[in-house]
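If you want the building blocks of each chain, they are given just below.
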Amino acid sequence: MSTDKPLILVVDDEPDIRELIRDILQDENYQVSIAANGEQARKEFNTQPPDLVLLDIWMPDIDGISLLKEFKQQNKAVTIVMISGHGTIETAVEATRLGASDFIEKPLSTAKLLRGVEMALENRAKQVAIRRELSQVPVGKSSQMNLLREQVERIARHNMPIMLIGEGGAGKHCFAHYLHSLGNFADGKFIEFSPESFPLDSLKFKSLVANNCIYINDLALLSDEAQALLLHLLESNQLDHCQLICATQYSLQKAVDNHDFTEGLLYQLNSITLALPPLREHIEDIPELVHHFVDLQTTQAGLPYRRFTVAAQNRLRNHDWPGNVLELKNVIQRLLVLGEGDDIDVADIEHALKTEAETTAAGDETINFDLPLREAREQFERLYLLQKLQETDGNVGKAAKLAGMERTHLYRKLRSLGIDTKQI
């Protein structure tokens, strides 16, 4: 049996179905182990952890939902697809809520089974790549990046709030994940709150943060109610069982002076601070960042590999990068999606930077910031997607890749926004 393919555990109490699934999967060179009930499933799961579990919802000794919970508690990363001939919407929703990646109904055709397995494993590979990207060591060999990594390694396990300060797109999100991977709660979840999503209920907040890493983005923009709750929880030592990381691109002292931020909260959060430099201050890291983002897009997003010439990399080093590392990542993605040849040269860079500047200028000029949030978001989405379609000459598939969306999701979004691709 080939060991190149993932290991799949098939759990079903019906012998004919169990053996049929095994035969189909083995014909495709998958490694397969089988179990007729919960006891056998546990034994197989613990003997050799599978990459994917096909789990029947009904079995004689235990129901599939309970076994799903057990397997997810043992290994959060395991991919599980539920199978049932008696499936209901409620059961599917419950299984998905508990971590199942898909729900396949019997009778199983070969095509339906293989498609479900392929999709589950593709999604698993994407999630693994995303987790690897988020927890990896931040890229760069400059003195600034070396110092930052050393600081992170020293402070990650301290039980004190950590403040990340830097311009938009400078890498605060990346460093927050790196801190999480090295911290005391690395096995817990990484939960991100924005000013809009910050929970104002004390009990709900405490239940979410327990034994997890909490990342509060755009800290300076928190509402008065959110600031008051956060200050209370910190002063009463109710956040000791979590890792708290906050980020801001605005001066908190200026916000205090303008009476927009609580001075006491600033003192509580300002004990450990990491200042992230803008990309223009460590441009020597650009070649390494280029290689990193090219590898990321070609492996995770399936984009074609294209080589950046030395001249192209030098042109990137001479750009101001007002959007910092995030802008560089977006430009590289655009070049990989829209490029024609195997190499990316200076002319390609010039065109991409010009497009990026025009996109930013158009967004600044046309979004009405006096609108309510929902309407302003719709206006931005319309402008953003129109720009992506214009960049790709109306090619929805390429526009979806630029926007990081599924093609079908983009079609639905275009219809909801009243965008006709034939008129692009």
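As the structure is a prediction and not an experimental result, all values here were calculated from the model.

Quick notes on the rules
Residues numbered from 1 in each chain as written. Predicted model: local features only at pLDDT ≥ 70, side-chain atom pairs only at ≥ 80, totals over all residues. Heavy atoms only, no water. Helix = DSSP H or I, 4+ residues; strand = E, 2+ residues; numbered from the N terminus. Buried < 20%, exposed > 50% of the residue type's maximum accessible area, 1.4 Å probe, protein only. Contact = heavy atoms within 4.5 Å. Areas by Shrake-Rupley, 256 points an atom, 1.4 Å probe, with all protein chains shown as cover. Lys, Arg positive; Asp, Glu negative; His and termini not counted. Charge placed at Lys NZ, Arg CZ, Asp CG, Glu CD. Core = buried A, V, L, I, M, F, W, Y, C linked by side-chain atoms within 4.5 Å. Pairing = 2+ DSSP bridges. Axes fitted to C-alpha atoms, helices over the stretch in contact; angles between N-to-C directions. Disulfide = S-S within 2.5 Å. pLDDT = per-residue confidence, 0-100. Expected span 1.5 Å × (residues − 1). Arc of directions from axis to C-beta. Parallel < 35°, antiparallel > 145°, perpendicular 65-115°, else oblique. Nonpolar A, V, L, I, M, F, W, Y, C, P; charged D, E, K, R; others polar.

Now for the overall build of the protein. The secondary structure content of the protein amounts to 18 helices and 12 strands. C-alpha atoms of the protein, sized along the principal axes, occupy 70 × 60 × 45 Å. Here the protein, with 424 residues, has 44% of them falling under the buried criterion. Sequence-distant contacts, at least 24 apart, represent 69% of the contacts inside the protein between residues at least 6 apart. With an accessible surface of roughly 22200 Å², the protein has 49% of that area assigned to carbon and sulfur atoms. Taking the average location of the 44 positive side-chain charges in the protein and that of its 63 negative ones, the two points are 2 Å from each other.

Our next topic: the side chain of Thr79. With respect to the helices, strands and loops of the structure, Thr79 is situated in strand E4 (residues 79-84). When near neighbours in sequence (up to four residues on either side) are disregarded, Thr79 contacts Asp51, Leu52, Val53, Ser101, Ala120 and Arg124.

So, on to the nonpolar core. Counting 28 residues, the largest nonpolar core has Phe198, Ile216, Leu219, Leu230, Leu239 and Leu269 as the members making the most contacts within it. For this core, the elements supplying multiple residues, two or more each, are strand E7 (190-193), helix H8 (202-209), strand E8 (213-216), helix H9 (224-235), strand E9 (243-248), helix H10 (252-257) and helix H11 (263-269). Per-element accounting of this core gives the leading share, six residues, to H9. Leave out the neighbours within four places in its chain, and Phe198 touches Phe193, Phe205, Ile216, Leu222, Ala226, Leu229 and Leu230. Membership of the second largest hydrophobic core comes to 25 residues, among which are Leu279, Phe293, Phe308 and Val325.

Bringing the sheet that holds strand E5 (residues 102-105) into the picture now. Across a sheet, paired strands are connected by hydrogen bonds in the backbone, their directions being either parallel or antiparallel. Across the sheet, five strands lie side by side as E2-E1-E3-E4-E5; this open sheet has parallel pairing. One side of each edge strand has no neighbouring strand; the edge strands of this open sheet are strand E2 (31-35) and E5. Adjacent strand axes in the sheet meet at a mean angle of 20 degrees when their direction is disregarded. Relative to E5, E4 runs parallel, the two being bridged by four bridges. Each bridged residue has a counterpart across the sheet, and for Met82 the counterpart in E5 is Phe103. Taken strand by strand, helix H1 (residues 15-27) contacts strand E1 (7-11), E2, strand E3 (52-56) and E4, and its axis lies near 175 degrees from that of E2. Most of the contacts of helix H3 (residues 64-74) go to E4, to which it runs at about 175 degrees, and overall it touches E1, E3 and E4.

With that out of the way, let us pick up the state of the cysteines. According to the stated counting rule, one finds zero disulfides in the structure shown. This cysteine, Cys174, is not joined by any disulfide, and Cys213 carries the nearest cysteine sulfur, 13 Å off. Cys213 supplies the cysteine sulfur nearest to Cys242, a cysteine that is in no disulfide, at a spacing of 8.1 Å.

Examined against the element boundaries, Phe198 turns out to sit in the loop between E7 and H8. According to the relative accessible area criterion, Phe198 is buried, its value standing at 6%. It is 9.9 Å that separates the C-alpha atoms of Phe198 and Glu225, two residues lying 27 residues apart in sequence.

Moving on: the confidence of the model for the protein. The predicted model of the protein has a mean per-residue pLDDT of 86, with 91% of residues at 70 or higher. Mean pLDDT per element in the protein: helix H15 (residues 346-366) is the minimum at 71, and strand E6 (residues 162-165) is the maximum at 97.

Here the focus is unusual backbone geometry. Cis rather than trans, the peptide bond between Lys106 and Pro107 has omega equal to 0 degrees. With a phi angle near 50 degrees, Asp218 is a residue other than glycine that sits in the positive phi range. The topology assignment puts Asp218 in the loop between E8 and H9. Positive phi, close to 55 degrees, is recorded for Asn237, a residue that is not glycine. Considering the arrangement of structural elements, one finds Asn237 in the loop between H9 and E9. According to the relative accessible area criterion, Asn237 is exposed, its value standing at 53%.

All right, on to H1 then. The end-to-end C-alpha distance of H1 is 18 Å, a good match for the 18 Å that 13 residues give at a rise of 1.5 Å each. All of the buried residues along H1 are Arg18, Ile21, Ile24 and Leu25. Angular distribution of buried residues about the axis of H1 spans 135 degrees; they occupy a single face of the element. In H1, the exposed positions angled more than 90 degrees off the buried face are occupied by Asp16 and Asp27.

Attention now moves to the packing of helix H17 (residues 396-403) against helix H18 (residues 407-416). Closest axis-to-axis distance for the H17/H18 pair is 9 Å, and the angle between their directions is 100 degrees. The angle between H17 and H18 falls in the class roughly perpendicular. Across from Val396, Gly397, Ala399 and Ala400 in H17, the residues of H18 making contact are Arg407, Leu410 and Tyr411. Across the contact of H17 with H18, the residue classes break down as five nonpolar, one polar and one charged.

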